[in-house]
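A closer look at the structure
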Amino acid sequence: MNKILILAILAGLFTTITLLIIIACIKYCDKILLRWYKAEPLNDVIISEIVQNLALDAGLRPPKTYLTHSDMANIFTVGKSEKQGSIVFTTALLELLEQEELKSVVAHELYHVKTGLRRRTLTALFAGAVASVATLAFWSSLLLGFGAENDPAPRLIKQFAMSVVAPHASMITNLTINSKKSESEADSYSARLCGESENLKHAIEKTSATKYAANPGHTHLYFVNPLPKETFNSLFETHPTVEMRKNNLQGAEL
């Protein structure tokens, strides 16, 4: 068989498989992310009432609620449209916030349900997958005998891999979502929907108190930026600073 024909067949197969993967990601992006975070349906009467009442005030169909077990105080939305949106709570967030603070955070997330939910979800899926290459390189180096988890070699390999993939994952996020503007608008929306902003300010302060190891490609999903200040993490700064968010909330509920 002609070499050119073989190459053409292989290129066709690769293109077909790539297109099928992209179509599957678009169709099942929310389910993939829910599985990624091992999220389970959240059956809580108080939270269901908060979500339903706020969604009614916002003119939205109440989103489904999920729970993921995590030490990171976080809440985020996934879905393909505002009629198919879901809000995911972490166990740490439910333990950390008072009920009124939780209400203000849910109102913040409802803004994301109303605006660009599919885009946020797809961005998290593709940027998160790209950023995961660095973690894959780290564990591969351990399995191939480059040292223990705390040795320099695996960490250097991870840093090198991150230096290669971080700009690409960051570019995906920045080209598809104006995250800082979106977060500020979501804060203002929460203040208007709840009629006050103090509880949201308290929630921002509490959830930003600790930084976590998180997938950099998912930072635009988080309620606050979860990443510590490091060289590569600066590429994934998708939130205004805590002080900026608090200042922007002054008078936002009026």
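Bear in mind that the values here come from a model prediction, so they are computed numbers and not experimental data.

The pairing of strands in a sheet comes from backbone hydrogen bonds and takes either a parallel or an antiparallel form. Taken in spatial order, the four strands of this open sheet run E1-E2-E4-E3, and their pairing is mixed. Strand pairing shows two members of the sheet lacking a second neighbour, strand E1 (40-41) and strand E3 (75-78), which therefore form its edges. As judged from the two bridges shared by E1 and strand E2 (residues 64-68), these two strands associate in the antiparallel manner. By the bridge assignment for E2, Pro41 is matched with Tyr66. Contacts from helix H4 (residues 99-114) reach E3 and strand E4 (86-90), with the element oriented near 25° to E3.

Right, let's get into the packing of H4 against helix H8 (residues 198-207). Following both chains from N to C, one finds H4 and H8 inclined at 90°, their axes separated by 8 Å at the closest point. With respect to each other, H4 and H8 are oriented roughly perpendicular. Here Glu100, Glu101, Ser104 and Val105 of H4 lie close against H8, whose contacting residues are Asn199, Leu200, His202, Ala203 and Lys206. In the contact of H4 with H8, the residues fall into three nonpolar, three polar and three charged.

Let's shift gears to helix H7 (residues 179-194). One full turn of an α-helix is made of 3.6 residues, so residues set three or four places apart face in the same direction. Here H7 contains 16 residues, and its C-alpha end-to-end distance of 22 Å stays within 8% of the 22 Å for a straight helix at 1.5 Å per residue. Listed in full, the buried residues belonging to H7 are Ser179, Ser182, Glu183, Ser184, Ala186, Asp187, Ser188, Tyr189, Ser190, Ala191 and Cys194. The positive-phi residue at the C-terminal boundary of H7 is Gly195, with phi of around 80°.

The next subject is the pattern of salt bridges. In total, this model carries six salt bridges according to the counting rule given. Two residues, Arg245 and Asp187, come together in a salt bridge whose shortest N-O distance is 2.8 Å. Here Arg245 is found in helix H9 (residues 242-248), whereas its partner Asp187 is found in helix H7, with 58 residues between them in sequence. Considered together, Arg245 and Asp187 belong to a single accessibility category, that of buried residues. For Lys246, the salt bridge goes to Glu243, with nearest N and O atoms at 3.8 Å. Taken together, the residues Lys246 and Glu243, both in helix H9 and three residues apart, mark about one turn of the helix.

Relative to the helices and strands, Leu93 resides in helix H3 (residues 91-96). The spatial distance from the C-alpha of Leu93 to the C-alpha of Thr207 is 7.7 Å, given a sequence separation of 114 residues.

The subject of this paragraph is the side chain of His239. Relative to the elements of secondary structure, His239 occurs in the loop between H8 and H9. By relative accessible area, which is 7% here, His239 ends up buried. At 2.6 Å, the side chain of His239 and the backbone oxygen of Tyr222 are in polar contact. The residues touching His239, leaving out its near neighbours within four places in the chain, are Lys180, Glu183, Thr219, His220, Tyr222, Phe223, Val224, Asn225 and Arg245.

Aromatic ring pairs are defined here through the distance separating the ring centres and the angle between the ring planes. Scanning the entire structure with this criterion turns up two aromatic pairs. For the ring pair Tyr37 and Phe76, a centre distance of 5.0 Å and an interplane angle of 50° mean the geometry is tilted. Within this pair, whereas Tyr37 is found in the loop between helix H1 (3-36) and E1, its partner Phe76 is found in strand E3, the two being separated by 39 residues in sequence. Residue Phe76 is classed as buried on the basis of its relative accessible area of 2%.

Looking now at a nonpolar patch on the surface. Together, Leu5, Ile9, Leu13 and Ile17 line one region of the surface with nonpolar side chains, adding up to about 360 Å² of accessible area. Turning to its location among the elements, Ile17 is positioned in helix H1.

Phi angles above zero are rare outside glycine, and Lys38 is one such case at about 55°. In this structure, Lys38 sits in the loop between H1 and E1. The exposure class assigned to Lys38 is exposed, which follows from its relative accessible area of 67%.

Analysis parameters
Residues numbered from 1 in each chain as written. Predicted model: local features only at pLDDT ≥ 70, side-chain atom pairs only at ≥ 80, totals over all residues. Heavy atoms only, no water. Pairing = 2+ DSSP bridges. Helix = DSSP H or I, 4+ residues; strand = E, 2+ residues; numbered from the N terminus. Contact = heavy atoms within 4.5 Å. Axes fitted to C-alpha atoms, helices over the stretch in contact; angles between N-to-C directions. Parallel < 35°, antiparallel > 145°, perpendicular 65-115°, else oblique. Nonpolar A, V, L, I, M, F, W, Y, C, P; charged D, E, K, R; others polar. Expected span 1.5 Å × (residues − 1). Buried < 20%, exposed > 50% of the residue type's maximum accessible area, 1.4 Å probe, protein only. Salt bridge = Lys/Arg side-chain N within 4 Å of Asp/Glu carboxyl O. Polar contact = N/O pair within 3.5 Å; in protein donor to acceptor, adjacent residues only side chain to side chain. Phe/Tyr/Trp six-rings, centres within 6.5 Å; stacked < 30°, edge-to-face > 60°. Patch = residues over 30% accessible without salt bridge, like charges linked within 9 Å, V, L, I, M, F, W, Y side chains within 5 Å. Areas by Shrake-Rupley, 256 points an atom, 1.4 Å probe, with all protein chains shown as cover.

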